[in-house]
Amino acid sequence: MESRRPDPVHARADQTYAAAPADDAGPRMPAPHMPASHMPAPYPGYDRAGHLARTALGAGLGMFAGFLTGLVVSVILGLGVMTLLLFTVAGTIAGVVRGSSSAQRAAAAAGVPPSPWHVPVPTPVPTPAPVARIGSAEAAAQGVGDSPPPAVLTAPASAEQRPVSPPPPVTGPQGPGRYPPPPAYVPPPLFPRPELPDAPRWLLPAAAAAGLVAAVALPYASPGLGFALTAVAMGAAAFPAVLPLRRGRITPWTVAFGLLAYALVSVALFRDADWLVGPVLLAAFGVGSLAVSGGGRGWLAVIRGGVSVAFAVLPLPWFLAGPLRTLTRRRRMLPTLVSAVVTVVLLAVFGLLFSSADAVFSAFLSDLLRTPEWAQSLPYRVFVFCVFAAAAGAAVLVGLRPVAEPAAPDLRMSLGRQVWVIPLLGLNLLFAAFVTVQITVLFGGSRRVLTTAGLTYAQYARSGFFELVTVSLFVLGIVAGAVALLRRESRADRWLLAVLLGLLCAFTLVILASALHRLGLYTDAYGLSRLRASVEATIWWLGAVFVLVLAAGAVRLSGGGTSWFFRTLVLLTGVSLLAFAVWDPDARVAETQLTVRGVERLDHGYLSELGAEAVPILDRLPEPDRSCVLSDVVAVNDLSTPDPWNGWNLARARAREVLERRPVVRPDDCPGSSRVPGPDD
């Protein structure tokens, strides 16, 4: 039986067709009817809710910006409320346009129609290629089944007119039978995302809590209780990041660094001198950063760990991007923000209109909107919140990262023994000669100094004092350079270098003792000052460092490791700062000034600059010198008014108790400077 001719109109919708000739050489059949179930989505991927949300957000922000602009223009130019209203309407229209255009750009970037009113250009459906009819007998002979697939008959085309079949249609995001658009060019990011650990869920609440404590406890208060509370909040925010013991962050070294950091912060509780509290708090931040980082085996690791939290602020935006994106993805966040902005703008516009229309309502509105005292400090508190919240987030990031122990570069060189032995031997001989002279001065005492022609206490102490301290610093540099640059090939070289450097350090200790003796002579003559007290503390610290260097050399010669040296140096420096603060330099300065110079030679101008720690000492002065000096101290340190709760400080509390027992009444004839000028510091 002859096969039935297929109906080209009712052909199957999923049948493949060949494209029609480009020059219309042959008759073409109309495009077949495609059922609705097989039609591609007219606007695949279009987000109507996102489009409306962007438009609404643009309208709200534009209304707010227009309102602020109109308010400023109206106030500056003295225009009426209508100008404000016009700016608000113009800003709203501009915001709608801007929000809609941003939605269209986002849709275009995603490859979808930007709006439901956009009419896509239809892609022509390919037409069938000429196919010859095959009879049933021929089909049977060729092995084709009794029911061949239906085919569409077209007029035969010549060889010149026969079209070349295009490649088969690609099924892509545009739907079956439609070619996808070429990929858009995406430029590389200007700031590529660094490799960072995943942010924990508790990061945002912990950082916000630390920032909130700082915003409440720090502003508008002297150093005191607020710094201690902020340090506790910062430590509590970063502690969960280092808590898992399996990560190896909690070690005896990190515990010691953490305790030392809190001890340094506690200086703000019992010392009032800003010149002392500021550097101590800065050192506490560095030691705390080293505790969080967990490193410190080498000098490079110590430096990197000390600044790790400060430099972790740079990748902080990428670290916080995940939690912030999760927070803003909540459906209620964006509508709430838009509605709040629109509500504020509407209330402001209509409130101004009503206040212009009625004087009674205007007075009521003025009383209602009067800025409270706490709102005046709100911008500064917001800034403090952001700074300390970012610092807490950076500390968490450092704590989550692996322990960084960068290896210091190997700079050692193989040099002949005579290259370094002769210079070190010459230095030791020079130091030995100088030390011999200094020992005679140390044991000769003041008689040896006074018998020298034209030499007094002040001249002897000041002549070469800073040069001696500089010599000790240079010796530290020589020791560090020799250890880092010289490669000891044999055991004899190691012992020879150790002996030469050890002798140099021992001679330097004697030189430091001589410098300390000179400073003692100067202090006995003129009393302490802040500079002299700081230099004396520096000499003691340098002496401890040289002892530590000698101990490290002895351990290294005995075959032990020296990875503890740099961490011990950090602990030694922190403990020295803490001991200097406990020593109370301002009180010692006031005491030596009273003891050495006496009332007749008091430097009123210098004593008035001391902190609250000096008040109990200066209270011993007779009147009217007591009132003259203490009145200046009270004015400089703001002791006339009580501290707020977050500014409580032990030194200021004791000073106020002394002043309450014996009030200060400044006389009219107080000297403004020293009666007998002393030597320069």
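Residues numbered from 1 in each chain as written. Predicted model: local features only at pLDDT ≥ 70, side-chain atom pairs only at ≥ 80, totals over all residues. Heavy atoms only, no water.

**Structural notes on the overall build of the protein chain**
Spelled out, the test is: Put simply, DSSP H or I for four residues or longer makes a helix, DSSP E for two residues or longer makes a strand, and each gets a number counted from the N terminus. Relative accessible area decides the class of each residue, using a 1.4 Å probe on protein chains only: under 20% of the type maximum gives buried, over 50% gives exposed, and in between gives partly exposed. In this analysis, two residues are considered to be in contact whenever any of their non-hydrogen atoms come within 4.5 Å of each other. All accessibility values rest on the Shrake-Rupley procedure with a 1.4 Å probe; residue burial counts only the protein chains present in the view.
Across its full length, the protein chain holds 26 helices and zero strands. Out of the 681 residues belonging to the protein chain, those deemed buried represent 34%. In the protein chain, the share of contacts with a sequence separation of at least 24, taken over all contacts with a separation of at least 6, comes to 78%. Of the accessible surface of the protein chain, which amounts to about 39500 Å², a share of 67% is contributed by carbon and sulfur atoms.

**Description of the packing of aromatic side chains**
Two descriptors summarise a pair of aromatic rings, namely the distance from one centre to the other and the angle between the planes of the rings. For clarity, the cut-off: Only Phe, Tyr and Trp rings are paired, with Trp represented by its six-membered ring, and only when their centres lie within 6.5 Å; those with planes under 30 degrees apart are stacked, over 60 edge-to-face, the remainder tilted.
Under the criterion given, the structure shown has seven aromatic pairs. Between Trp-253 and Phe-257, the aromatic rings sit 6.4 Å apart at their centres with planes inclined by 35 degrees, giving tilted as the arrangement. Of this pair, Trp-253 and Phe-257 both sit in helix α6 (residues 252-265), four residues apart, which is roughly one turn of the helix. Assessed through its relative accessible area of 26%, Trp-253 is described here as partly exposed. Given the relative accessible area of 0%, Phe-257 is considered buried. Ring plane angle 80 degrees and centroid distance 5.2 Å describe the contact between Phe-565 and Phe-566, whose orientation is recorded as edge-to-face. Here the aromatic cluster, defined as three or more aromatic residues joined through ring pairs, consists of Trp-275, Phe-580 and Trp-583.

**Some words on the pattern of salt bridges**
Operational definition: The salt bridge definition used is simple: a Lys or Arg side-chain nitrogen within 4 Å of an Asp or Glu carboxyl oxygen.
Summed over the entire model, instances satisfying the criterion amount to nine salt bridges. The salt bridge involving Arg-662 is made with Asp-619; its shortest N-O contact spans 3.7 Å. Remark: Asp-619 occurs in the loop between α24 (615-618) and α25 (625-637) and Arg-662 occurs in the segment after α26 (650-661); sequence separation between them is 43 residues. Accessibility expressed as a relative area gives 36% for Arg-662, which makes it partly exposed. A relative accessible area of 16% places Asp-619 in the buried class. Across the salt bridge formed by Glu-623 and Arg-626, the nearest N and O atoms sit 3.1 Å from each other. Members of the salt-bridge network, linked through shared partners, are Asp-272, Asp-643, Arg-652 and Arg-656.

**Description of the environment of Leu-594**
Within the secondary structure, Leu-594 is located in helix α22 (residues 585-597). The sequence separation of Leu-594 and Arg-620 amounts to 26 residues, and the corresponding C-alpha distance is 9.0 Å. Each residue touching Leu-594, except ones within four places of it in the same chain, is listed here: Leu-602, Ile-617, Leu-618 and Leu-621.

**Some thoughts on helix α19 (residues 491-526)**
Note the threshold: A helix is expected to span 1.5 Å for every residue after the first.
In this model, α19 (36 residues) spans 52 Å end to end at C-alpha, consistent with the 52 Å of a helix rising 1.5 Å per residue. Immediately beyond the C-terminal end of α19, within one or two residues, lies Gly-527, with a positive phi of roughly 85 degrees.

**Notes on the nonpolar core**
Short version of the rule: Within this scheme, the nonpolar core is defined by two criteria: the residues are buried Ala, Val, Leu, Ile, Met, Phe, Trp, Tyr or Cys, and they are joined through side-chain atoms within 4.5 Å.
The biggest cluster of nonpolar side chains holds 47 residues, and the ones touching the most others in it are Phe-257, Val-287, Leu-610, Val-615, Leu-618 and Leu-639. It is helix α8 (residues 274-293) that contributes the most residues to this core, eight residues altogether. Contacts of Leu-610, omitting those with residues within four sequence positions, involve Arg-530, Asp-586, Val-589, Ala-590, Val-633 and Asn-637. In this structure, Ala-482, Leu-486, Leu-542 and Leu-548 belong to the second largest nonpolar core, which totals 29 residues.

**Looking at the packing of α19 against α22**
As a reminder, the rule being used: Here, axes are lines fitted to C-alpha atoms. For helices the fit covers the stretch in contact, and angles between N-to-C directions go from 0 to 180 degrees. Each angle receives one of four descriptions, namely roughly parallel if under 35 degrees, roughly antiparallel if over 145, roughly perpendicular if within 65 to 115, and oblique otherwise. Amino acid classes used here: Ala, Val, Leu, Ile, Met, Phe, Trp, Tyr, Cys and Pro are nonpolar; Asp, Glu, Lys and Arg are charged; the rest, including Gly, are polar.
For the pair α19 and α22, the least separation of the axes is 7 Å and the interaxial angle reads 65 degrees. It follows from the interaxial angle that α19 and α22 lie roughly perpendicular. Of α22, the residues touching α19 (which contributes Thr-523, Asp-524, Ala-525 and Tyr-526) are Gln-593, Val-596 and Arg-597. For the contact of α19 with α22, a count of residues per class yields three nonpolar, two polar and two charged.

**Section: the packing of helix α4 (residues 203-217) against helix α15 (residues 378-400)**
The relative placement of two packed helices comes down to the angle between their axes together with the axis-to-axis distance. What counts is decided by this rule: Crossings are assigned a handedness: left-handed for a near helix turned anticlockwise from the far helix by less than a right angle, right-handed for a clockwise turn.
In contact at an axis separation of 7 Å, α4 and α15 are set at 140 degrees when each is read in the N-to-C sense. It follows that α4 is oblique to α15 by the angle criterion. Handedness of the crossing formed by α4 with α15: right-handed. Contacts between α4 and α15 involve Leu-203, Ala-207, Ala-208, Ala-210, Gly-211, Leu-212, Ala-214, Ala-215 and Val-216 from the former and Arg-381, Val-384, Phe-385, Phe-388, Ala-389, Ala-392, Gly-393 and Val-396 from the latter. Across the contact of α4 with α15, the residue classes break down as 14 nonpolar, two polar and one charged.

**What about the side chain of Ser-608?**
Threshold: Polar contact is defined as a pair of N or O atoms within 3.5 Å, subject to the rule that within protein one atom must be able to donate a hydrogen and the other to accept it, and that residues adjacent in sequence are counted only when both atoms are side-chain atoms.
Mapped onto the fold, Ser-608 is located in the loop between α23 (604-607) and α24. Ser-608 gets classed as buried once you look at its relative accessible area, which sits at 10%. A polar side-chain atom of Ser-608 sits 2.8 Å from the main-chain carbonyl oxygen of Gly-605. Those residues in contact with Ser-608 that sit more than four places away from it in its chain are Val-629, Asp-632, Val-633 and Val-636.

**Regarding α15**
Its 23 residues give α15 an end-to-end C-alpha distance of 33 Å, which sits within 8% of 33 Å, the value for a rise of 1.5 Å per residue. Considered for burial, the residues of α15 that qualify are Val-384, Ala-389, Ala-391, Ala-392, Gly-393, Ala-394, Ala-395, Val-396, Leu-397, Val-398 and Gly-399.

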